Amino acid sequence: IYRKVTPTSLPSFLLIGPSGGGKTAFLTLTERKAVAQTHTSTAPLAVEVLLPEDHTPQSSHYRSLGDPAYERSRRFQLNDTPGHGKLRQFATNQLANPTNVRGIIFIVDAASVAEEAGLNESAEYLHDVLLALQKRYTGATTSKGPKEIPVLIAANKLDLFTALPPHLVAQQLEKAISDVRKSRAKGLKDSGPALDGEDDSLDEEREWLGEGGEGSFEFAQMEEVGITVTVQGGNVIGGDGADVKSWYEWIAAQL
Ligand code: GTP
Ligand code: MG
């Protein structure tokens, strides 16, 4: 299956995250109401889907079931991106121009973040995604600022016994992101004084995620730049069947 990413007026959600997290599995489950075998993605994929009936779009809470506006409000688009480190430009491009994007769903394998390599890869990617959103906000030219884009960290694969519970996934990611921003800042400093006499500290400020200072990074710091980060656990496959209700609930709240 390969469909081109076509411009759409539908509200859309960007699926982002490291390879193997379960992005395409989630898209497939939502599209077909059944799980299917997936392979690592090499191209982006966009599908139009409907919010499952046991969830109500935020905008339709006071509408009745037969109302055509209600049915319309349940439609949205999922934009899947490849998570492989060499194929991230697809995700970066969509982040740079988030037309109609109501939210970003960062899917991580909750078992892989229990180990250092998996945790560091996820934290680096998430750091870069949040920094891109922060720059979009602080670089906005209108006084109103750009439309806020909420982020869901979907802690997937909770069916695996090695998976961390969602609150620990959040804690570990916050800790690891603290380290990422420190090492990125050091990298900037070490690149030496700018030859053209430009102020380096300005650059350092722009590249620093969240609050400055010595403290550690917390997702709550992103509120300052219009980004609400939520962490919810689930499993697309395994266990007693898929359980992604809390993710659909989050999507419903953005529709
Ligand atoms: P890339 O396309 O490489 O970025 O990865 P992806 O995020 O699209 O991952 P994909 O959806 O292809 O899933 C990767 C593997 O994890 C597949 O073998 C899935 O069957 C498996 N998987 C996805 N969700 C779950 C889950 O909830 N539990 C378990 N146990 N396995 C899962
Ligand atoms: Mg994929």
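Everything discussed here concerns the structure shown above.
The text that follows walks through the structure, step by step, so that each part is easy to find.

The rules behind these values
- Residues numbered from 1 in each chain as written.
- Chains lettered and ligands numbered in written order.
- Predicted model: local features only at pLDDT ≥ 70, side-chain atom pairs only at ≥ 80, totals over all residues.
- Heavy atoms only, no water.
- Helix = DSSP H or I, 4+ residues; strand = E, 2+ residues; numbered from the N terminus.
- Rg over C-alpha atoms; globule rule 2.2 N^0.38 Å.
- Patch = residues over 30% accessible without salt bridge, like charges linked within 9 Å, V, L, I, M, F, W, Y side chains within 5 Å.
- Areas by Shrake-Rupley, 256 points an atom, 1.4 Å probe, with all protein chains shown as cover.
- Salt bridge = Lys/Arg side-chain N within 4 Å of Asp/Glu carboxyl O.
- Lys, Arg positive; Asp, Glu negative; His and termini not counted.
- Charge placed at Lys NZ, Arg CZ, Asp CG, Glu CD.
- Donors = N, O, S within 2.8 Å, 3.2 Å for Na, K, Ca; no water.
- Buried < 20%, exposed > 50% of the residue type's maximum accessible area, 1.4 Å probe, protein only.
- Near = heavy atom within 4 Å.
- Polar contact = N/O pair within 3.5 Å; in protein donor to acceptor, adjacent residues only side chain to side chain.
- Nonpolar A, V, L, I, M, F, W, Y, C, P; charged D, E, K, R; others polar.
- Pairing = 2+ DSSP bridges.
- Axes fitted to C-alpha atoms, helices over the stretch in contact; angles between N-to-C directions.
- Phe/Tyr/Trp six-rings, centres within 6.5 Å; stacked < 30°, edge-to-face > 60°.
- Expected span 1.5 Å × (residues − 1).
- Contact = heavy atoms within 4.5 Å.
- Core = buried A, V, L, I, M, F, W, Y, C linked by side-chain atoms within 4.5 Å.
- Parallel < 35°, antiparallel > 145°, perpendicular 65-115°, else oblique.

### Overview of the overall build of the protein
Thinking step 1. A tally of helices and strands in the protein yields 7 helices and 6 strands.
Thinking step 2. When the elements of the protein are put in sequence order from the N terminus, they spell out β-α-β-α-β-α-β-α-β-α-α-β-α.
Thinking step 3. For 255 residues, the compact-globule estimate of 2.2 N^0.38 gives 18 Å, and the C-alpha radius of gyration of the protein, at 19 Å, lies within 12% of that figure.
Thinking step 4. A principal-axis box enclosing the C-alpha atoms of the protein has dimensions of 65 × 45 × 35 Å.

### Quick look at a negative patch on the surface
Thinking step 1. Negative charge collects at one region of the surface, where Glu148, Glu211, Glu218, Glu223 and Glu224 lie side by side.
Thinking step 2. If you trace the backbone, Glu218 turns up in the loop between α6 (200-206) and β6 (229-233).

### Considering the coordination of the magnesium ion (ligand 2)
Thinking step 1. Note on the magnesium ion (ligand 2): its protein donors are Thr24 (OG1) and Ser41 (OG). The metal-donor distances range over 2.0 to 2.1 Å. Taken as a pair, Thr24 in helix α1 (residues 23-32) and Ser41 in the loop between α1 and β2 (45-50) lie far apart in primary sequence, 17 residues in all.
Thinking step 2. In this structure Thr24 comes out as buried when scored by relative accessible area, which is 17%.
Thinking step 3. Under the relative-accessibility criterion, Ser41 is labelled buried at 16%.

### As for the site of ligand 1
Thinking step 1. As a matter of local geometry, ligand 1 sits amid 20 residues, with Ser19, Lys23, Thr38, Thr40 and Gly83 nearest to it.
Thinking step 2. Separating an oxygen atom of ligand 1 from a backbone N or O atom of Ser41 is a distance of 2.8 Å.
Thinking step 3. Taking Lys157, its side chain carries an N or O atom lying 3.0 Å from an oxygen atom of ligand 1.
Thinking step 4. Relative to its unbound accessible surface of 650 Å², ligand 1 loses 85% to contact with the protein.
Thinking step 5. In terms of residue count, α1 provides more of the shell around ligand 1 than any other element does, 3 residues in total.
Thinking step 6. Residue composition of the shell around ligand 1, by class: 6 nonpolar, 11 polar and 3 charged.

### Here we look at the sheet that holds β2
Thinking step 1. Judged by pairing direction, the sheet is mixed, and its 6 strands sit side by side in the order β2-β3-β1-β4-β5-β6 without closing on themselves. Of all strands in the sheet, those with a lone pairing partner are β2 and β6, marking the two edges. Averaged over neighbouring strand pairs, the angle between their axes works out to 25° when direction is ignored.
Thinking step 2. As defined by bridge partners, strand β5 (residues 151-156) adjoins β6 across 5 bridges and the pair is classed as parallel. Within β6, the residue paired with Ala154 across the bridge is Gln232.

### Considerations on the packing of aromatic side chains
Thinking step 1. Under the definition given, this model contains 6 aromatic pairs.
Thinking step 2. Taking the centre distance of 6.0 Å and the plane angle of 65° together, the rings of Phe13 and Trp250 count as edge-to-face. Of the two residues, Phe13 is situated in strand β1 (residues 12-16) and Trp250 in helix α7 (residues 245-254); the sequence distance between them amounts to 237 residues.
Thinking step 3. The class for Phe13 is buried, based on a relative accessible area of 0%.

### Remarks on the environment of Pro165
Thinking step 1. Turning to its location among the elements, Pro165 is positioned in the loop between β5 and α5 (166-190).
Thinking step 2. Each C-alpha atom, one on Pro165 and one on Gly234, is 9.7 Å from the other, the two residues being 69 residues apart in sequence.

### A look at α5
Thinking step 1. When the terminal C-alpha atoms of α5 are compared, their 36 Å separation across 25 residues agrees well with the 36 Å that a helix rising 1.5 Å per residue should span.
Thinking step 2. Buried residues of α5: Val169, Ala170, Leu173, Glu174, Ala176, Ile177, Ser178, Val180, Arg181 and Ala185, and no others.
Thinking step 3. Looking at the packing, one finds that the buried side of α5 touches β4 (101-109), α4 (116-138), β5 and β6.

### Regarding the nonpolar core
Thinking step 1. In terms of nonpolar packing, the biggest core is built from 38 residues, with Ile16, Ile104, Leu130 and Phe219 touching the most fellow members.
Thinking step 2. For this core, the secondary-structure elements that each account for two or more residues are β1, α3 (89-96), β4, α4, β5 and α5.
Thinking step 3. For this core, the leading source of residues is α4, giving 8 residues.
Thinking step 4. Setting aside anything within four residues of it in sequence, one finds Ile16 in contact with Lys23, Thr81, Ala91, Leu95, Ile104, Ile105, Phe106, Ile107, Tyr125 and Val129.
Thinking step 5. Core analysis: the next-biggest nonpolar cluster, separate from the first, contains 24 residues, Phe13, Leu15, Leu152 and Leu255 among them.

### Some words on the packing of α1 against α7
Thinking step 1. Where α1 meets α7, the axes come as close as 13 Å, and the angle between the chain directions of the two elements is 75°. By the angle between their directions, the pair α1 and α7 is classed as roughly perpendicular. Residue-level contacts link Phe26, Leu29 and Thr30 of α1 to Trp247, Tyr248 and Ile251 of α7.

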